[in-house]
Amino acid sequence: MKPASFEYLRPESVAEAVATLDLYGGTARILAGGQSLVPMLGMRLMRPGAVIDINGLGEELGRIEARGSETTIGALVRYSEAETSPVIAERLPLLGTAIRHIGDRQVRNRGTLGGAIAQSDPTGEVALVALTLGATVLVTGPGGERELAADGFFVGSYANTLGPEEMITGVRFGVVPSRSAFFERGRKHNDFAVLSLAVVATPESDGTWHDVRIGMGGMNDTPVLARAAAERLEGARWDEAALAEAATLALRDADPPEDVRASAEYRAHLLPIHLGRLLAGLAKEPRHG
Ligand SMILES: Cc1cc2nc3c(=O)[nH]c(=O)nc-3n(C[C@H](O)[C@H](O)[C@H](O)COP(=O)(O)OP(=O)(O)OC[C@H]3O[C@@H](n4cnc5c(N)ncnc54)[C@H](O)[C@@H]3O)c2cc1C
């Protein structure tokens, strides 16, 4: 099938892109990497009045910036750039690891971080990492700039709090805990996840762990935090009993969907097993160095 007809526009600045979104009264769509939008147009799941191609806005939207304790990634940064960025390897290793699970090389060469956040796929790796690390989504619209906490941004399957006349300009991360681990189970390598897990925490010299956050993908209609599990592990020593208890508590924050990839029952079966293993692996890592 071919897309329905639409206007194709290439703005020369973010201001022009936003003015164009405003002009079309919410019926226009931003085109970034096109890895989700183009198939949706082709299948006529979307019939926008205009497609606003932001690929010429690399100067404004294509940077990875480290400033003090903050790291800001422009909306147009491609997965492959983030994957190989020394700044991300040093400051946000969880993000670099998670991105390697997205699609294949072709998808990662084109897909963008802003596109991934906007797409808000409940199994999306970037959305999961943004939530787990407590990132801030940077947004510009006709009313000016807004900063939205990732925790609260994803409100349903492929749904978020972005207005139809707004665009994402970047995502900002603060200081992150010193340890992280990521796990993903799909039907085959680099397919969309059946279950994905992201864990961050900081070990202290007295044997306890702090700043614990656990994110789950594929376990609800949005990525979600396993809050009860993280509370159990916060300030605690991660012995076998604590890890087993936390792994089971994660089910409290899950409401696994049933879809073509897996049944809800199978997802619920996988969660405590893989979270338990992921946490045990993190607990066993040397605490210094
Ligand atoms: C074969 C294949 C495998 C894939 N596997 C995975 C996977 O394992 N994990 C995963 O997470 N994704 C996967 N994807 C999807 C891919 O990650 C997309 O790149 C991503 O979902 C969207 O990024 P994009 O830059 O391509 O956005 P586009 O496709 O250009 O846009 C997607 C949506 O976001 C909107 N949008 C884009 N940029 C902005 C912006 N700056 N502001 C506001 N709205 C914006 C668009 O209007 C559109 O609605 C896969 C895709 C393919 C084709």
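Residues numbered from 1 in each chain as written. Predicted model: local features only at pLDDT ≥ 70, side-chain atom pairs only at ≥ 80, totals over all residues.

1. Quick word on the overall build of the protein
Argument step 1. Tallying secondary structure elements over the protein gives twelve helices and 14 strands in all.
Argument step 2. Over its C-alpha trace the protein gives a radius of gyration of 19 Å, about what one expects of a compact globule, namely 19 Å for 289 residues.
Argument step 3. Across its three principal directions, the C-alpha atoms of the protein cover 60 × 45 × 35 Å.
Argument step 4. The burial tally for the protein puts 44% of its 289 residues in the buried class. (Helix = DSSP H or I, 4+ residues; strand = E, 2+ residues; numbered from the N terminus. Rg over C-alpha atoms; globule rule 2.2 N^0.38 Å. Buried ≥ 20, exposed ≤ 12 C-beta atoms within 10 Å, placed from the backbone.)

2. Focus on the domain arrangement of the protein
Argument step 1. Parsing the protein into structural domains produces domain 1 (7-53), domain 2 (61-173) and domain 3 (179-284).
Argument step 2. With centres defined by C-alpha atoms, the gap from domain 1 to domain 2 works out at 19 Å.
Argument step 3. Taken together, the contacts link twelve residues of domain 1 with 18 residues of domain 2.
Argument step 4. If you tally residues by element for the side of domain 1 that touches domain 2, the top one is helix 1 (residues 14-23), at five residues. (Domains from an automatic or database assignment. Contact = placed C-beta atoms within 7 Å.)

3. Regarding helix 12 (residues 264-284)
Argument step 1. Over its 21 residues, helix 12 extends 31 Å from the first C-alpha to the last, a length consistent with the 30 Å expected when each residue adds 1.5 Å.
Argument step 2. The sharpest bend along helix 12 comes to roughly 25 degrees, located at L271, with the proline P272 sitting one to four residues further on.
Argument step 3. Here helix 12 has its buried residues at R267, L271, L275, L279 and A283.
Argument step 4. Tucked into the core, helix 12 has its buried residues touching strand 12 (193-203) and helix 11 (240-249). (Expected span 1.5 Å × (residues − 1). Bend = angle between axes of the 7 residues up to and from the residue.)

4. Side note on the packing of helix 11 against helix 12
Argument step 1. Two elements in contact, helix 11 and helix 12, have axes whose closest approach is 8 Å; the angle formed by their N-to-C orientations is 140 degrees. Between helix 11 and helix 12, the angle is such that the two are oblique. In this structure, helix 11 crosses over helix 12, and the sense of that crossing is right-handed. Counting all contacts with helix 11, which are made through L243, A244, A246, A247 and T248, the residues of helix 12 involved are P272, L275, G276, L279, A280 and A283.
Argument step 2. In the contact of helix 11 with helix 12, the residues fall into nine nonpolar, two polar and no charged. (Axes fitted to C-alpha atoms, helices over the stretch in contact; angles between N-to-C directions. Parallel < 35°, antiparallel > 145°, perpendicular 65-115°, else oblique. Left-handed = near helix turned anticlockwise from the far one by under 90°. Nonpolar A, V, L, I, M, F, W, Y, C, P; charged D, E, K, R; others polar.)

5. What to know about the nonpolar core
For soluble globular proteins, nonpolar side chains are generally found buried alongside one another.
Argument step 1. Ranked by internal contacts, the top residues of the largest apolar core, which has 84 residues, are I117, A130 and A250.
Argument step 2. When sequence neighbours within four positions are dropped, the list of residues in contact with I117 reads V126, A127, A130, V137, I168 and V171. (Core = buried A, V, L, I, M, F, W, Y, C linked by C-beta atoms within 7 Å.)

6. Observations concerning the pairing of strand 2 (residues 28-31)
Argument step 1. The alternating pattern of strand 2 places A28 and I30 on one face and R29 and L31 on the opposite face, and all of these are buried.
Argument step 2. Crossover connection from strand 2 via helix 2 (residues 37-42) to parallel strand 3 (residues 50-53): handedness right-handed. (Right-handed = clockwise from strand over helix to strand, strands pointing away.)

7. Looking at the sheet that holds strand 4 (residues 64-67)
To summarise the sheet geometry, strands pair through backbone hydrogen bonds and adopt either a parallel or an antiparallel arrangement.
Argument step 1. Taken together, the five strands give an open sheet; going across it, the order is 4-5-10-6-7, and neighbouring strands pair in antiparallel fashion. Looking at strand neighbours, the two that pair on one side only are strand 4 and strand 7 (144-149), the edges of this open sheet. On average, each strand axis in the sheet is inclined to that of its neighbour by 25 degrees, with strand direction left out of account.
Argument step 2. When strand 6 (residues 136-141) meets strand 10 (residues 167-173), the two strands line up antiparallel, connected through five bridges. By the bridge assignment for strand 10, T136 is matched with R172.
Argument step 3. Sheet strands in contact with helix 1 are strand 6 and strand 10, and its direction is about 130 degrees off that of strand 10. (Pairing = 2+ DSSP bridges.)

8. Quick look at the environment of L233
Argument step 1. Structurally, the position occupied by L233 is in helix 10 (residues 227-233).
Argument step 2. Considered as a pair, L233 and V212 are 21 residues apart in the sequence and their alpha carbons are 6.9 Å apart.
Argument step 3. Setting aside anything within four residues of it in sequence, one finds L233 in contact with W209, V212, W238, A242 and A246.

9. Description of the site of the ligand
Argument step 1. What surrounds the ligand is a group of 27 residues, the closest being G33, Q35, G103, G111 and G115.
Argument step 2. For the shell around the ligand, the leading source of residues is helix 8 (residues 113-119), giving five residues.
Argument step 3. Classifying every residue of the shell around the ligand by side-chain character gives twelve nonpolar, eleven polar and four charged.
Argument step 4. The two domains that each donate at least three residues to the shell around the ligand are domain 1 (7-53) and domain 2 (61-173). (Near = placed C-beta within 6 Å.)

10. With respect to the sheet that holds strand 12
Argument step 1. Pairing within the open sheet is antiparallel, and its four strands lie in the order 11-12-13-14. What marks the edges here is a single partner per strand, and that holds for strand 11 (179-186) and strand 14 (224-225).
Argument step 2. Where strand 13 (residues 209-217) lies against strand 14, two bridges are found, and the strand directions are antiparallel. When the sheet's bridge partners are listed, M216 is paired in strand 14 with V224.

11. Re the pairing of strand 3
Argument step 1. Summarising the sheet, strand 1 (residues 7-9) and strand 3 pair through three bridges and their orientation is parallel. Bridge pairing in strand 3 links Y8 to V51.
Argument step 2. Bridging between strand 2 and strand 3 involves four bridges; their strand directions are parallel. Following the sheet pairing, L31 is matched in strand 3 by D53.

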